[in-house]
Amino acid sequence: MDIRGVIFDLDGVLTDTAEYHYRAWQRLADEEGIPFTREDNEALRGISRRESLELLLRGRPVTEEQVQALMERKNQYYRQMIKQITPADLLPGVADLLKELKTSGIKVAIASASKNARDVIEQLGIAGQVDAISDGYSVTQTKPAPNLFLHAAQQLGLPPSQCLVVEDATSGVEAAKTAGMWVVGLGPVTRVGRADVIFPSLIGLQWQNILEALEHRRSEYFSPTTEN
Ligand code: B16
Ligand code: MG
């Protein structure tokens, strides 16, 4: 195993904007009288704004003009909320891991489906710590298509097999696997179960811990299995 680059998802991995996306969709749904719960929001994690709206509408007939207006309104609510983001909103464990990756000579990218990713990254104060950013403007097909991660790897100048993705969403894990990359899933198994290794969060996690867990998993993949 020769991992040279780590590609982080943004929303839900580096900061908890996943909560803001949820609140913005919830407000829109409430205003439109559309039933929507925190549980329903799980299916929206990591997918694009347009696909999120389609899921929220559940087949309700809307014109393209209405789609545009609804997406714009949700985005305004979201942008209002992210104005308050500061470096203190980096999730626990992120700052230390970023420092450690830098000193270990590992390249770092952020690959987010969000068109607001660059603003969030600036406000978090980590723009100077990343080698590449791929966002909702970089590709036309976002997660679960592999394009965003492949775009990030290309910017880093690395083949997919030398990249590790850190994701919190089912769609993101799927995208990274399809891209042929190693994946660390953060959160419940029900959400990131297809990842190679799973941790509850980045709290207290060192680069060495991640590499050891991946090595362990790789040896399992290649060990002969016995069938009953
Ligand atoms: P925007 P990620 C994703 O970001 C979010 O998880 C998802 O909820 C959102 O709909 C998508 O970005 C698009 O975001 O509306 O800001 O363009 O998880 O890939 O960092
Ligand atoms: Mg995410």
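Below is a summary of the structure that appears in this document. Keep in mind that what you see is a predicted model, and the values were worked out from it rather than measured. (Residues numbered from 1 in each chain as written. Chains lettered and ligands numbered in written order. Predicted model: local features only at pLDDT ≥ 70, side-chain atom pairs only at ≥ 80, totals over all residues. Heavy atoms only, no water.)

So, on to the layout of surface pockets. Reported here for the largest pocket is a volume of approximately 580 Å³. If you trace the largest pocket, you find 30 residues lining it, with Ile47, Ser48, Arg49, Ala113 and Ser114 closest to the centre. Elements represented by at least two residues in the lining of the largest pocket include exactly helix H1 (17-32), helix H3 (49-57) and helix H4 (64-82). Taken together, the residues that form the lining of the largest pocket break down as seven nonpolar, 13 polar and ten charged. The calculated volume of the second largest pocket comes to roughly 230 Å³. Around the second largest pocket sit 16 residues that line it, and Gly12, Val13, Leu91, Pro200 and Ser201 are the ones nearest its centre. Among the residues forming the lining of the second largest pocket, the class breakdown is nine nonpolar, three polar and four charged. (1 Å grid on protein atoms, 1.4 Å probe; cavity = no way out; pocket = protein on both sides within 12 Å on 5 of 7 lines; lining within 4 Å. Points joined across faces, edges and corners; volume = space filled by probe spheres on them. Helix = DSSP H or I, 4+ residues; strand = E, 2+ residues; numbered from the N terminus. Nonpolar A, V, L, I, M, F, W, Y, C, P; charged D, E, K, R; others polar.)

An α-helix turns once every 3.6 residues. As a result, residues three or four positions apart point the same way. Buried residues of helix H6 (residues 117-124): Ala117, Val120, Ile121 and Leu124, and no others. The arc that holds every buried residue of H6, seen down its axis, measures 100°, which confines them to one face. Buried positions along H6 lie against H1, H4, strand E2 (107-111) and strand E3 (132-134). The positive-phi residue at the C-terminal boundary of H6 is Gly125, with phi of around 75°. (Buried < 20%, exposed > 50% of the residue type's maximum accessible area, 1.4 Å probe, protein only. Arc of directions from axis to C-beta. Contact = heavy atoms within 4.5 Å.)

For the rest of this paragraph, the subject is the nonpolar core. Nonpolar side chains in soluble globular proteins tend to end up buried together. Core analysis: the biggest nonpolar cluster contains 40 residues, and Phe8, Leu164, Trp207 and Ile210 have the highest contact counts within it. Judged by nonpolar contacts, the second largest core, of 19 residues, contains Val173, Ala176, Val192 and Ala195. (Core = buried A, V, L, I, M, F, W, Y, C linked by side-chain atoms within 4.5 Å.)

With respect to the secondary-structure elements, Lys74 resides in helix H4. Not counting residues within four places of it along the chain, the set of residues in contact with Lys74 comprises His21, Ala24, Trp25 and Leu28.

So, on to helix H8 (residues 170-178). For H8, the set of buried residues is Ser171, Gly172, Val173, Ala175 and Ala176. Buried-residue contacts for H8 involve helix H7 (147-156), strand E4 (163-167), strand E5 (182-186) and helix H9 (189-192). With its phi angle positive at about 80°, Gly180 sits one or two positions after the end of H8.

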